Amino acid sequence: MNITFACPECDHTSRIPLEPGTAVACLQCDWKQHTSAQIPLEGTLDECLVCGCKELFIRKNFSQRIGVAVVVIAATTSLIAWGYYMWYTAFGILFAAALLDLYLYFTVGNLLQCYRCNSEYRGLPQFDEYEAFSLETHERYRQQAIRLAESQAVQSKGA
Ligand SMILES: [Zn+2]
Ligand SMILES: [Zn+2]
């Protein structure tokens with residue numbers, strides 16, 4: 001199991017292995033986890049180890065950037081083939097790209113992500129217990145973050 005997170009102090013992205021009994025700490029500065037949450041030996045993670053948020057969602061360990069890149073490359077080469085009147089090649093490329101996306105989707109594992117701080121947990125013993133991404137929850141956290149930023153801006157102006 002490991003965690004990828006952006007440090008709340010210095011914003012540095014660290015990816016560190018998680019062992020039961022260890023605390024999450026930044027590789028760049030001296031920030032250390034201060035939530036009481038424990039790294040589970042087995043079973044599920046109750047809350048985010050970085051921010052203490054209790055809402056986590058499960059998603060495919062699939063980089064959207066790769067998915068988009070596959071589509072863009074396929075569309076471009078397919079258009080070129082189309083320009084050379086290579087109809088079968090043009091369709092073949094699109095078909096292959098669709099297959100590749102499908103293949104990647106089913107072969108990659110799952111990861112757990114925090115709604116609030118976007119920390120990613122990979123290799124947890126049990127993934128089934130978590131809920132999939134909910135846009136509603138995501139929106140709630142986004143609004144919260146905006147309000148927090150606004151109140152901080154007001155405070156710093158007043159000071
Ligand atoms: Zn840091
Ligand atoms: Zn978090």
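Residues numbered from 1 in each chain as written. Chains lettered and ligands numbered in written order. Predicted model: local features only at pLDDT ≥ 70, side-chain atom pairs only at ≥ 80, totals over all residues. Heavy atoms only, no water.

1. Examining the sheet that holds strand S4 (residues 110-114)
Here is step 1 of the chain: Taking strand neighbours across the sheet as the criterion, the 6 strands line up as S2-S1-S5-S4-S3-S6 in an open arrangement whose pairing is mixed. The sheet terminates laterally at strand S2 (13-17) and strand S6 (131-132), the two strands that pair on one side only.
Here is step 2 of the chain: Pairing analysis gives 3 bridges linking strand S1 (residues 2-6) to strand S5 (residues 120-122), with the strands arranged antiparallel. From the neighbouring strand, Asn-2 faces S5, where its bridge partner is Arg-122. (Pairing = 2+ DSSP bridges. Helix = DSSP H or I, 4+ residues; strand = E, 2+ residues; numbered from the N terminus.)

2. Describing the coordination of the zinc ion (ligand 2)
Here is step 1 of the chain: Bound to the zinc ion (ligand 2) on the protein side are Cys-48 (SG), Cys-51 (SG), Cys-114 (SG) and Cys-117 (SG), at distances that span 2.3 Å.
Here is step 2 of the chain: If you look at the zinc ion (ligand 2), its 4 donor atoms make angles of 103 to 114° with each other, and the shape they trace is tetrahedral.
Here is step 3 of the chain: Owing to a relative accessible area of 23%, Cys-51 belongs among the partly exposed residues under this scheme. (Donors = N, O, S within 2.8 Å, 3.2 Å for Na, K, Ca; no water. Tetrahedral: all angles 85-135°; square planar, octahedral: opposite > 155°, others 65-115°. Buried < 20%, exposed > 50% of the residue type's maximum accessible area, 1.4 Å probe, protein only.)

3. Focus on the domain arrangement of the chain
Here is step 1 of the chain: Segmenting the chain into domains produces domain 1 (2-59 + 111-158) and domain 2 (64-106).
Here is step 2 of the chain: Relative placement of domain 1 and domain 2: their C-alpha centres are 36 Å apart. (Domains from an automatic or database assignment.)

4. Considering helix H1 (residues 64-83)
Here is step 1 of the chain: For H1, spanning 20 residues, the distance from its first C-alpha to its last is 29 Å, which sits close to the expected 28 Å at 1.5 Å a residue.
Here is step 2 of the chain: Elements in contact with the buried residues of H1: helix H2 (87-107).
Here is step 3 of the chain: Phi turns positive, to about 60°, at Tyr-85, one or two residues after H1. (Expected span 1.5 Å × (residues − 1). Contact = heavy atoms within 4.5 Å.)

5. Structural notes on the pairing of S1
Remark: a regular strand shows side chains that alternate across the two faces of the sheet.
Here is step 1 of the chain: Here 5 bridges tie S1 to S2, and the two strands are oriented antiparallel to one another. Note on S2: the bridge partner recorded for Phe-5 is Ser-14.
Here is step 2 of the chain: Connecting the antiparallel pair S1 and S2 is a turn made up of 6 residues, with Asp-11 showing a positive phi of about 75°.

6. Observations concerning unusual backbone geometry
Leaving glycine aside, a negative phi is the common case for residues, and trans is the common case for peptide bonds.
Here is step 1 of the chain: The backbone of Tyr-85 sits at a positive phi, close to 60°, despite the residue not being glycine.
Here is step 2 of the chain: Here Tyr-85 is to be found in the loop between H1 and H2.

7. Some thoughts on the coordination of the zinc ion (ligand 1)
Here is step 1 of the chain: Protein coordination at the zinc ion (ligand 1): the donors are Cys-7 (SG), Cys-10 (SG), Cys-26 (SG) and Cys-29 (SG), at 2.3 Å from the metal.
Here is step 2 of the chain: Sequence spacing of the donor residues for the zinc ion (ligand 1), all on one chain, is C-x2-C-x15-C-x2-C. With a gap of 22 residues between them, Cys-7 in the loop between S1 and S2 and Cys-29 in the loop between S2 and strand S3 (56-60) connect regions that are remote in the sequence.
Here is step 3 of the chain: For Cys-7, a relative accessible area of 1% gives the class buried.
Here is step 4 of the chain: Using a relative accessible area of 25% as the deciding quantity, one classes Cys-29 as partly exposed.

8. Some words on the side chain of Glu-47
Here is step 1 of the chain: Here Glu-47 shows up in the loop between S2 and S3.
Here is step 2 of the chain: Polar contacts involving the side chain of Glu-47 include one to the side chain of Lys-54, which spans 2.5 Å.
Here is step 3 of the chain: Not counting residues up to four positions away in its chain, the partners in contact with Glu-47 are Thr-35, Ala-37, Gly-52, Cys-53, Lys-54 and Leu-56. (Polar contact = N/O pair within 3.5 Å; in protein donor to acceptor, adjacent residues only side chain to side chain.)

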